[in-house]
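Chain residues, written in single-letter form:
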Amino acid sequence: MKKYLLIIFILNFLNNNIAIAENNTVFVDIEFLIQNSTIGKNILKKLENKDKENIQFLRDREQNIRKAENELKKKQNIISKEEFDKEINLLKKQVADLKLEKNNMVKDFTDFKNKELSSVVKNINEVIQNYMKKNSIDIVFDKKNIYIGKNSSDITADILKNIEGK
């Protein structure tokens, strides 16, 4: 009786291992897809341009404030103490407004970046899901979470072709 239980246990164990071995698992490099696909490149270019515009706007405002500060330093000995304090307070308010505007720009840019990148990832995920259905794939991992794997398990090039063909 013990032999039969042992045989059943061993067969059951082997059967589970065979079932596990049949899983089709692959990996894909999402960052590569974003950086090399047409939609990814367009979004990255849009983000870069918006960032440059924001930086230039802030530099111009900062330069204007510095110019006003230099002019105020030149007038320091000419104007009255009350007028000088009034202009200093105005300058401080401009600096505070600039800091607030910078913080708002950073927040808005971060929100914009997250929205744009999530739309690209959503498009890529649709292509990956279709690829999974066509090729009977059970699991897809992101390449950055894989320590080592067979090159044949990397489907990044196939997914990029499918994205570009979309």
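About the criteria used
- Residues numbered from 1 in each chain as written.
- Predicted model: local features only at pLDDT ≥ 70, side-chain atom pairs only at ≥ 80, totals over all residues.
- Heavy atoms only, no water.
- Axes fitted to C-alpha atoms, helices over the stretch in contact; angles between N-to-C directions.
- Helix = DSSP H or I, 4+ residues; strand = E, 2+ residues; numbered from the N terminus.
- Parallel < 35°, antiparallel > 145°, perpendicular 65-115°, else oblique.
- Left-handed = near helix turned anticlockwise from the far one by under 90°.
- Contact = heavy atoms within 4.5 Å.
- Nonpolar A, V, L, I, M, F, W, Y, C, P; charged D, E, K, R; others polar.
- Phe/Tyr/Trp six-rings, centres within 6.5 Å; stacked < 30°, edge-to-face > 60°.
- Lys NZ or Arg CZ within 6 Å of the ring centre and 35° of its normal.
- Core = buried A, V, L, I, M, F, W, Y, C linked by side-chain atoms within 4.5 Å.
- Buried < 20%, exposed > 50% of the residue type's maximum accessible area, 1.4 Å probe, protein only.

**Q** Is there a simple way to explain the packing of helix α4 (residues 81–135) against helix α5 (residues 156–165) in this structure?
**A** Helix packing geometry: the angle between the two helix axes and the distance between the axes. Their axes nearest at 10 Å, the elements α4 and α5 cross at an angle of 115 degrees. One finds that α4 runs roughly perpendicular with respect to α5. Between α4 and α5 lies a crossing whose hand is right-handed. When α4 is examined against α5, the residues Ile124, Val127, Ile128 and Tyr131 are found in contact with a partner set consisting of Asp158, Ile159, Asn162 and Ile163. Of the residues belonging to the contact of α4 with α5, the class tally is 6 nonpolar, 1 polar and 1 charged.

**Q** Would you explain the packing of aromatic side chains in this entry?
**A** Within a pair of aromatic rings, the relevant descriptors are the distance that separates the centres and the angle that separates the planes. All told, the structure shown has 0 aromatic pairs when counted by the stated rule. A cation sits over an aromatic face here: lysine 50 above phenylalanine 112, 5.3 Å from the ring centre.

**Q** What exactly am I supposed to notice about the nonpolar core here?
**A** One broad rule of soluble globular proteins: the nonpolar side chains tend to lie buried together. Core analysis: the largest hydrophobic core is formed by 19 residues, its most contacted members being Val28, Ile30, Leu33, Ile124, Ile128 and Ile159. Broken down by secondary-structure element, the contributors of at least two residues to this core are β1 (25–28), α2 (30–36), α3 (38–75), α4 and α5. Tallying contributions element by element places α4 first for this core, with 7 residues. Not counting residues up to four positions away in its chain, the partners in contact with isoleucine 128 are Val28, Ile30, Val140 and Ile159. Ranked by size, the runner-up nonpolar core spans 7 residues in total, among them Leu58, Leu72, Phe84 and Leu91.

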